[in-house]
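Descriptive analysis of the structure
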Amino acid sequence: MHGKILVIDAIATNRIVLRVKLAASHYEMLQAGSIGEAMSVISSSVPDMILCADSLPDGYPLRLLARLRKTG
């Protein structure tokens, strides 16, 4: 494995396509459909990189970034 990538997107099809492509490149992929799900995933398994859609059902990616910075 090369590393863990968290993909955050409300559209499941987008997450599925990225999971297939990243798995083929030997990355471990974590998935979330919202900021709340992403925070839960991050608390149990810290990713090496985060790919995030520009709009999510429960907020904007900049809010996620602010929350991540606060948690350290």
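Residues numbered from 1 in each chain as written. Predicted model: local features only at pLDDT ≥ 70, side-chain atom pairs only at ≥ 80, totals over all residues. Heavy atoms only, no water.

**Some words on the environment of Ala10**
In this structure, Ala10 sits in the loop between β1 (4–8) and α1 (12–24). C-alpha of Ala10 to C-alpha of Ser34: the two residues are 24 residues apart in sequence and 6.1 Å apart in space. Excluding residues within four positions of it along the chain, Ala10 makes contact with Arg15, Gly33, Leu56 and Pro57. (Helix = DSSP H or I, 4+ residues; strand = E, 2+ residues; numbered from the N terminus. Contact = heavy atoms within 4.5 Å.)

**Thoughts on the sheet that holds strand β3 (residues 49–52)**
The sheet built from 3 strands is open, its strands ordered β2-β1-β3 with parallel pairing. One side of each edge strand has no neighbouring strand; the edge strands of this open sheet are β2 (28–32) and β3. Strand-to-strand twist of the sheet, defined as the mean angle between neighbouring strand axes without regard to direction, takes the value 20 degrees. Judged from the 5 bridges that link them, β1 and β2 form a sheet pairing that is parallel. In the strand pairing of β2, Leu6 is matched with Leu30. Running at roughly 170 degrees to β2, α1 makes contact with β1 and β2 of the sheet. (Pairing = 2+ DSSP bridges. Axes fitted to C-alpha atoms, helices over the stretch in contact; angles between N-to-C directions.)

**What about the environment of Arg15?**
Looking at the element boundaries, Arg15 is found in helix α1. Along the chain, Arg15 and Ala32 lie 17 residues apart, while their C-alpha atoms are 8.3 Å from each other. The contacts of Arg15, once residues within four sequence positions are left out, are Val7, Asp9, Ala10, Met29, Gln31, Ala32 and Gly33. A polar contact of 3.4 Å, which involves the side chain of Arg15, links it to the side chain of Gln31. (Polar contact = N/O pair within 3.5 Å; in protein donor to acceptor, adjacent residues only side chain to side chain.)

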